[in-house]
Amino acid sequence: KAGVTQTPRYLIKTRGQQVTLSCSPISGHRSVSWYQQTPGQGLQFLFEYFSETQRNKGNFPGRFSGRQFSNSRSEMNVSTLELGDSALYLCASSFGPYSNQPQHFGDGTRLSIL
Amino acid sequence: KNEVEQSPQNLTAQEGEFITINCSYSVGISALHWLQQHPGGGIVSLFMLSSGKKKHGRLIATINIQEKHSSLHITASHPRDSAVYICAVTDTGTASKLTFGTGTRLQVTL
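In this text the structure is predicted, and so the values were computed from the model without any measurement.

S.K.: Run through the pattern of salt bridges, naming residues and quoting values.
M.R.: All names here are of chain A. Counted under the stated rule, the structure contains six salt bridges over all chains. We note a salt bridge from R63 to E82, for which the minimum N-O separation is 3.6 Å. Here E82 lies in the loop between β8 (74–78) and β9 (87–94) and R63 lies in the loop between β6 (53–57) and β7 (64–68), a separation of 19 residues in the sequence. Look at E82 and you get partly exposed, because its relative accessible area is 42%. Of the charged contacts in the structure, one is a salt bridge between R63 and D85, with a shortest N-O distance of 2.8 Å.

S.K.: Can you explain the confidence of the model for chain B? Please cite residues and give values.
M.R.: Mean pLDDT over chain B works out to 92, with 96% of the residues at or above the 70 mark. Least confident of the elements in chain B is strand β10 (residues 99–100) of chain B, whose mean pLDDT is 92; most confident is strand β8 (residues 69–74) of chain B, at 98.

S.K.: Please set out the sheet that holds β8 of chain B residue by residue, giving values where relevant.
M.R.: All names here are of chain B. Judged by pairing direction, the sheet is antiparallel, and its five strands sit side by side in the order β1-β3-β8-β7-β6 without closing on themselves. Single-partner strands in this sheet number two, and they are β1 (4–7) and β6 (52–56). The sheet shows a mean angle of 15° between the axes of neighbouring strands, direction not considered. Looking at chain direction, strand β7 (residues 59–64) and β8 are connected through six bridges and run antiparallel. Its bridge partner lying in β8, I60 is registered against H73.

S.K.: Tell me what's going on with the state of the cysteines, and back it up with residues and numbers.
M.R.: Enumeration according to the criterion identifies two disulfides over all chains in this entry. Residue pairing for C23 of chain A: its cysteine sulfur links by disulfide to C91 of chain A, the two sulfurs lying 1.8 Å apart. An S-S torsion of about 65° defines the bridge between C23 of chain A and C91 of chain A as right-handed. Placement of the pair is C23 of chain A in strand β3 (residues 19–24) and C91 of chain A in strand β9, with a sequence separation of 68 residues. This pair shows no difference in class: C23 of chain A is buried, exactly as C91 of chain A is. Put simply, C23 of chain B and C87 of chain B are joined by a disulfide, and their sulfur atoms are 2.0 Å apart. Note on the C23 of chain B and C87 of chain B pair: the S-S dihedral is about -60°, so by sign convention the disulfide is left-handed. Linking C23 of chain B in strand β3 (residues 19–25) with C87 of chain B in strand β9 (residues 83–91), this pair joins segments that are 64 residues apart in sequence. Take C87 of chain B: its relative accessible area is 0%, and that puts it in the buried class.

S.K.: Describe the pairing of β8 of chain B, naming the residues involved and giving the relevant values.
M.R.: Burial of β8 of chain B is extensive: five of the six residues sit out of reach of the surface. Between β7 of chain B and β8 of chain B, which pair antiparallel one after the other, the connecting turn spans four residues, and K68 of chain B there sits at a positive phi close to 55°.

S.K.: Go over the sheet that holds β7 of chain A, please, and point to the residues and values.
M.R.: All names here are of chain A. What the four strands build is an open sheet, ordered β1-β3-β8-β7; its pairing is antiparallel. Where the open sheet ends on each side, the last strands, each with one partner, are β1 (5–7) and β7. The average undirected angle you get between the axes of adjacent strands in this sheet is 15°. By the bridge criterion, five bridges tie β7 to β8 in an arrangement that is antiparallel. Note that in β8 the partner of F64 across the bridge is V78.

S.K.: I'd like a rundown of unusual backbone geometry, residues and numbers included.
M.R.: Cis peptide bonds are those with omega within 30 degrees of zero, and the linkage from T7 of chain A to P8 of chain A qualifies with -10°. Mapping P8 of chain A onto the fold places it in the loop between β1 and β2 (10–13). Cis geometry is adopted by the peptide bond preceding P8 of chain B, which originates at S7 of chain B and carries an omega value of -5°. As for its placement among the helices and strands, P8 of chain B is situated in the loop between β1 and β2 (10–14).

S.K.: How would you sum up the nonpolar core? Please name residues and give values.
M.R.: Formed by 23 residues in total, the largest nonpolar core has its most connected members in L32 and W34 of chain B. Looking at this core, the elements with two or more residues in it are β3, β4 (29–37), β5 (43–49), β7, β8, β9 and β11 (104–109) of chain B. With residues near it in sequence (within four places) discarded, L32 of chain B still touches C23, Y25, F47, M48, L49, I63, S70, C87, A88 and V89 of chain B. If you look at the next biggest cluster of nonpolar residues, it comprises 21 residues, including F60, Y89, L111 and I113 of chain A.

What counts, and at which threshold
Residues numbered from 1 in each chain as written. Chains lettered and ligands numbered in written order. Predicted model: local features only at pLDDT ≥ 70, side-chain atom pairs only at ≥ 80, totals over all residues. Heavy atoms only, no water. Salt bridge = Lys/Arg side-chain N within 4 Å of Asp/Glu carboxyl O. Helix = DSSP H or I, 4+ residues; strand = E, 2+ residues; numbered from the N terminus. Buried < 20%, exposed > 50% of the residue type's maximum accessible area, 1.4 Å probe, protein only. pLDDT = per-residue confidence, 0-100. Pairing = 2+ DSSP bridges. Axes fitted to C-alpha atoms, helices over the stretch in contact; angles between N-to-C directions. Disulfide = S-S within 2.5 Å. Core = buried A, V, L, I, M, F, W, Y, C linked by side-chain atoms within 4.5 Å. Contact = heavy atoms within 4.5 Å.

Put into structure tokens, the structure is as follows:
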């Protein structure tokens, strides 16, 4: 069974640009969560999707958005990039939107802002 | 104060040593997760606990719900165990949103 696939693995952008990251969950998983990891703030929750609906959103500005498609694949978008958006972005999938289910993580997309 | 606290932040051990990493949390939880992150960045889920104790190979995880405390033990540590170990919780009512500790960086030397 294929794991969680995130693309691209690495990305370099400049301030002011926008970026779209993709996450394909494990087959059969319908819940996808996104996290940001930085050296200063550690791992922080961005948002969670289940059946194309955003169920939870973390404390991030509106520049961060996401969506989920009918095949459970998810994308997140960051507009008007800032230097502080440089981070490892991780997505995780689980079978359902329940708090007692293990999450399976992808290898992440490392975003660098110049 | 963070909702999830881990100790120690850094740990160096010699091969074969018994290792303990601690995690305390301040919120009501539905589950506690122990995660492992290697330098490449990918995260592997080691355990998910809501009570008691779980064992997988040389790894043991315990949780005390009344004391809001969990421990991850590694028996007979090996250099390949070198990684960052992260404790995370899902609190009641927020579905699968994880709140993370700051991680424990473990280095096991020969």
